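Letter by letter, the chains look like this.
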Amino acid sequence: MDCLPMMVQLRSKYVEVATLCPVCSSADETILHALVECPTAATCWERTGIGTGLHQNCSFLVWCTDVFQQVDKAGKEIVVAVCWSLWNARNDKVWQGKIVGADGIVSSAKNFLNHWQNAQKSVIETTFSGLIPGDAAEHWFAPIIGRIKVNVDAALFSDPHQVGIGLVARDSRGFLIEGSTKIFQGNFPLSQSKQWEFGRPSVGSRRDNG
């Protein structure tokens, strides 16, 4: 469970950073602190009805396992969504100096979960008789060994002043290296979003349909 770059974890890798939590500045930032113990995080868990229920020498993995044993499927989904929203709020504070309170974090988690649940209800056909080369439904192909492939996509929303950009970077084994999404405000013609989509095919490899 040490995969998230918390301050304590970064310091253990000899990165010169302060170990205090950037949100509350009252304790070292571990995964357990950032996602459970931090006062803002604890308030979020109380407002979702889950609570923290911490005990001595508890780790995030132990806490998460205990909670999962006590809640139903809907509760598990809330836990994941709140953790995701807490992590995003923490990054907003670190990188943009933006402070997001418990109300905003819980609201963001519920919105994210609603969008995810609606997406699961949609039936997406990935194979059909009309498939032609170049369609987005084609299978992803890994880059050659030693190279990284970055797939980029763009989407125009119903609001004419918004465009979304997403990218996923994977290595020759298909392992995720980096993923990111960004929403831009402004007036963007369709041609410009297409330029963003097709303008950055992959890093260190030729462009293909995968």
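Residues numbered from 1 in each chain as written. Predicted model: local features only at pLDDT ≥ 70, side-chain atom pairs only at ≥ 80, totals over all residues. Heavy atoms only, no water.

The chain carries the name Reverse transcriptase zinc-binding domain-containing protein in an unreviewed UniProt entry, which gives Cannabis sativa as its organism.

A. A look at the confidence of the model for the chain. Across the chain, the average pLDDT comes to 79, with 75% of residues at or above 70. Segment residues 123-131: pLDDT under 50, and four contacts once partners within four positions in sequence are set aside and those in other chains are kept. The low-confidence segment residues 196-209 (pLDDT under 50) makes 27 contacts with residues lying over four places distant or belonging to another chain. (pLDDT = per-residue confidence, 0-100. Contact = heavy atoms within 4.5 Å.)

B. Highlighting the pairing of strand E3 (residues 176-185). Judged from the nine bridges that link them, strand E2 (residues 162-170) and E3 form a sheet pairing that is antiparallel. Note that in E3 the partner of Ala169 across the bridge is Glu178. (Pairing = 2+ DSSP bridges. Helix = DSSP H or I, 4+ residues; strand = E, 2+ residues; numbered from the N terminus.)

C. Structural detail: the packing of helix H3 (residues 39-47) against helix H5 (residues 73-96). Between H3 and H5, whose axes approach to 11 Å, the crossing angle comes to 155°. Relative to H5, H3 is oriented roughly antiparallel. Judged by the twist between their axes, the crossing of H3 over H5 is right-handed. Two secondary-structure elements touch here, H3 through Ala41, Cys44 and Trp45 and H5 through Val79, Val82, Cys83 and Leu86. (Axes fitted to C-alpha atoms, helices over the stretch in contact; angles between N-to-C directions. Parallel < 35°, antiparallel > 145°, perpendicular 65-115°, else oblique. Left-handed = near helix turned anticlockwise from the far one by under 90°.)

D. Examining the nonpolar core more closely. Ranked by size, the top nonpolar core spans 28 residues in total, and within it Leu35, Val36, Cys44, Trp45, Phe60, Trp63 and Leu86 carry the most contacts. When residues of this core are traced back to their parent elements, those giving at least two are helix H2 (31-37), H3, helix H4 (60-70), H5 and helix H6 (102-121). With seven residues, H5 is the single largest residue contributor to this core. Once residues lying within four places of it in the same chain are set aside, the contact partners of Cys44 are Val82, Leu86, Ala102, Ile105 and Val106. In this structure, Val150, Ala154, Ile165 and Ala169 belong to the second largest nonpolar core, which totals five residues. (Core = buried A, V, L, I, M, F, W, Y, C linked by side-chain atoms within 4.5 Å. Buried < 20%, exposed > 50% of the residue type's maximum accessible area, 1.4 Å probe, protein only.)

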